[in-house]
Amino acid sequence: MPEKNLALLTFGCQMNKYDSEKIAGILQKSGIRLTDDLDNADIVILNTCSIREKAEQKVYSQIGRLTPLKKKNSKLIIGVGGCVAQIQGEKILQRAPHVDLVFGTLNIYKLPHLIREVEEKGERIADIDNDYSEDNDLAPVKREGSIHAWLSIMHGCDNYCTYCVVPYTRGREKSRPKESILSEIRGLAEEGFKEVTLLGQNVNSYGRDTGEDIDFPDLLSIIDRVKGIKRIRFITSHPKDLSDKLIKVMADLPKVCEYLHLPIQAGSDRVLTDMNRGYTSGDYLKKIDRLKESIPEIALSTDIIIGFPGETDGDFEKTRDIVKKVCYDGIYLFKYSPRKETPAAIFSNQLSDTVKRARFEEILKLQKEITLKKNKELEGKVVEVLVEGEDKNANGKLIGRTRTNKIVNFSIDMPEDRKSLIGELVNVSILKSNLYSLEGILINIKGGGKYA
Ligand code: 5AD
Ligand code: SF4
């Protein structure tokens, strides 16, 4: 049988990108090859995002753009997965007659079987069953790169923030068994991966649902002992569940990086209550102080929603104050987008796009100044970089990240050696800082070698 080609189009967050690595991995195992060429594809899969309304609206135009392909090749199989698929299910089949398959966020592992059903029976299928199955976690993953790997430690979210669709698209919180996580990480180490990022909507509540006597800090301690893995990161943390125990473990464990993404969402306590976030700005700032005391080098980032219903000028000022006070290394900014599945969509005092945009621009500008200032502080310093690969834009240079998650492009004296440095921890002297990256020169390889 000739090999089939899969074109995979991915939208949205890290979780979706990881799911796509899984879709590619599992289909590759059943003999299907990944291609960038839509015209030559036998299967096209859209992995969709519904976090904001615009993203969701775009899905239908993206699906629409595939119509000519289907006209050209009636055997083409079009599948839609991800968060929009999970929410809309059958409706996608009704609205888009050329879509053959709709699948949910928790049943990627069924894809080879579902595709076969479509091919053999000519049926159109919507399978958005959202029962957790470990099979999804055990499915093969086709990872981008060979040094850093994402892996999921839990699924879903029980927090029901009033603006957010995730609890409806990814279901209730479900922690993955410790042994399954560990065996995947050991396997990654054997394959030569050096860094892992543990993924979950709220990793701080890991273990709460398992009945096993284990929490997230315990899990980090166990992973820290896996030979071959040099760095550990995780996203996302919920401020209400960030414990002193976790801060201590982050400070003590050598492989856990000095970086934390801790979404505040808003600076006003009234807005935080309306969002159902479960903490005040004071609680949040206390945790930030403790983090900075225990881990002086820590880099912090956050998510902020601008223009939540009822956000006054005074509320907005509080968000601005927090941004100044915490001095984040980076911020992910979102204009509030009403999602009809969520309570906040019918809150009164929805703000105009003009107000949201003006506030958004103001925080963006402020944060750019802070990020650049923080990056500039690194000029002249020596930082540890895990080398991820060759810098595609600059001949002879390498690219990697600091423990604080900043991208570094750096040159080396003997560029002919550059391939041998991939996967190594090296010391780099920072010569110039930009907004989104640092530039430097190699000083030595940590732990020896001819550059020591
Ligand atoms: N509108 C705008 N931003 C949102 N987010 C989640 N839901 C919405 C929404 N309805 C943002 C939050 C979350 C990030 C992943 O997306 O800041 O932390
Ligand atoms: Fe959404 Fe809140 Fe859960 Fe984050 S914690 S995924 S914002 S419901």
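Definitions and cut-offs
Residues numbered from 1 in each chain as written. Chains lettered and ligands numbered in written order. Predicted model: local features only at pLDDT ≥ 70, side-chain atom pairs only at ≥ 80, totals over all residues. Heavy atoms only, no water. Helix = DSSP H or I, 4+ residues; strand = E, 2+ residues; numbered from the N terminus. Rg over C-alpha atoms; globule rule 2.2 N^0.38 Å. Buried < 20%, exposed > 50% of the residue type's maximum accessible area, 1.4 Å probe, protein only. Contact = heavy atoms within 4.5 Å. Areas by Shrake-Rupley, 256 points an atom, 1.4 Å probe, with all protein chains shown as cover. Lys, Arg positive; Asp, Glu negative; His and termini not counted. Charge placed at Lys NZ, Arg CZ, Asp CG, Glu CD. Near = heavy atom within 4 Å. Nonpolar A, V, L, I, M, F, W, Y, C, P; charged D, E, K, R; others polar. Polar contact = N/O pair within 3.5 Å; in protein donor to acceptor, adjacent residues only side chain to side chain. Core = buried A, V, L, I, M, F, W, Y, C linked by side-chain atoms within 4.5 Å. Pairing = 2+ DSSP bridges. Axes fitted to C-alpha atoms, helices over the stretch in contact; angles between N-to-C directions.

Engineer: Can you walk me through the overall build of the protein in this structure?
Structural biologist: What the protein contains, in helices and strands, is 15 helices and 19 strands. Scaling as 2.2 N^0.38, a compact globule of 452 residues should have a C-alpha radius of gyration of about 22 Å, and the protein matches this with 23 Å. Each principal axis of the C-alpha atoms in the protein carries an extent, and together these give about 65 × 60 × 45 Å. The burial tally for the protein puts 56% of its 452 residues in the buried class. A fraction of 72% describes how many contacts in the protein between residues 6 or more apart in sequence connect residues 24 or more apart. For the protein, the exposed area adds up to about 20300 Å²; of that, 50% sits on carbon and sulfur atoms. Taking the average location of the 70 positive side-chain charges in the protein and that of its 68 negative ones, the two points are 3 Å from each other.

Engineer: Even after reading the chapter, I still don't get unusual backbone geometry, so can you show me in this structure?
Structural biologist: Generally, phi is negative for residues other than glycine and the peptide bonds are trans, each holding for most cases. Omega for the peptide link from I235 to T236 comes to 0°, which places this bond in the cis form. You can see T236 is positioned in the loop between β11 (231–235) and α11 (244–252). Backbone geometry at C327 places phi at a positive 60°, although glycine is not the residue there. By the element assignment, C327 lies in the loop between α14 (313–326) and β14 (330–335). Note on C327: relative accessible area 23%, which makes it partly exposed. Phi is positive for N349, close to 60°, though the residue is something other than glycine. Of the residues examined, N349 reaches a relative accessible area of 53% and is grouped as exposed.

Engineer: Whenever I open this one, the site of ligand 2 confuses me. Can you help?
Structural biologist: Taken together, C157, N159, Y160, C161, Y163, C164, V166, P167, Q201, H238 and R277 are the residues near ligand 2. Taken together, the residues of the shell around ligand 2 sort by class into seven nonpolar, three polar and one charged.

Engineer: In this structure, what is going on with the site of ligand 1? I would like to understand it.
Structural biologist: Taken together, I51, R52, Y163, Q265, D303, I305, F334, K335, Y336, S337 and R339 make up the full set of residues near ligand 1. Contact distances for ligand 1 include 2.6 Å between an oxygen atom and a side-chain N or O atom of D303. The separation between a nitrogen atom of ligand 1 and a polar main-chain atom of S337 is 2.8 Å. For ligand 1, whose accessible area on its own is 410 Å², the fraction buried by protein is 87%. Those elements giving two or more residues to the shell around ligand 1 turn out to be β13 (299–306) and β14. Counted by class, the shell around ligand 1 contains five nonpolar, two polar and four charged residues.

Engineer: Sorry if this is basic, but what is going on with the environment of T236 here?
Structural biologist: Counting along the chain gives 62 residues from T236 to I298, while the straight-line C-alpha distance between them is 16 Å. T236 has contacts with G200, Q201, N202, V203, H261 and P263, leaving out every residue within four places of it along the chain.

Engineer: Where do I start with the nonpolar core in this structure?
Structural biologist: What tends to happen in soluble globular proteins is that the nonpolar side chains get buried as a cluster. The biggest cluster of nonpolar side chains holds 73 residues, and the ones touching the most others in it are L198, F216, L220 and L291. Other than its neighbours up to four places away in sequence, L198 contacts L151, I153, I185, V203, F216, L220, I223, I232, R233, F234 and I235.

Engineer: So what exactly am I meant to see when it comes to the environment of K255 here?
Structural biologist: Within the secondary structure layout, K255 lies in the loop between α11 and β12 (259–261). Under the relative-accessibility criterion, K255 is labelled buried at 16%. Here the alpha-carbon distance between K255 and S146, two residues 109 residues apart in the chain, equals 18 Å. Looking at K255, its side chain comes within polar contact range of the main-chain oxygen of V226, at 2.8 Å.

Engineer: Please clarify how the sheet that holds strand β17 (residues 407–411) should be interpreted in this entry.
Structural biologist: One key point about sheets: their strands pair by backbone hydrogen bonds, in either a parallel or an antiparallel sense. Spatially, five strands are ordered β15-β16-β17-β19-β18 in a closed barrel, and the strand pairing comes out mixed. Taking each pair of neighbouring strands and ignoring which way they run, the sheet shows an average axis angle of 50°. Relative to strand β16 (residues 398–402), strand β15 (residues 382–390) runs antiparallel, the two being bridged by five bridges. Paired with V385 across the bridge in β16 is T402.

Engineer: Any chance you could explain the side chain of N427 here in plain terms?
Structural biologist: Structurally, N427 can be placed in strand β18 (residues 425–433). Judged by its relative accessible area of 18%, N427 falls in the buried class. What N427 contacts, discounting residues up to four positions off in sequence, is V382, V383, E384, I441, L442, I443, N444 and K446.

Function cannot be read off these values alone, since they describe shape.
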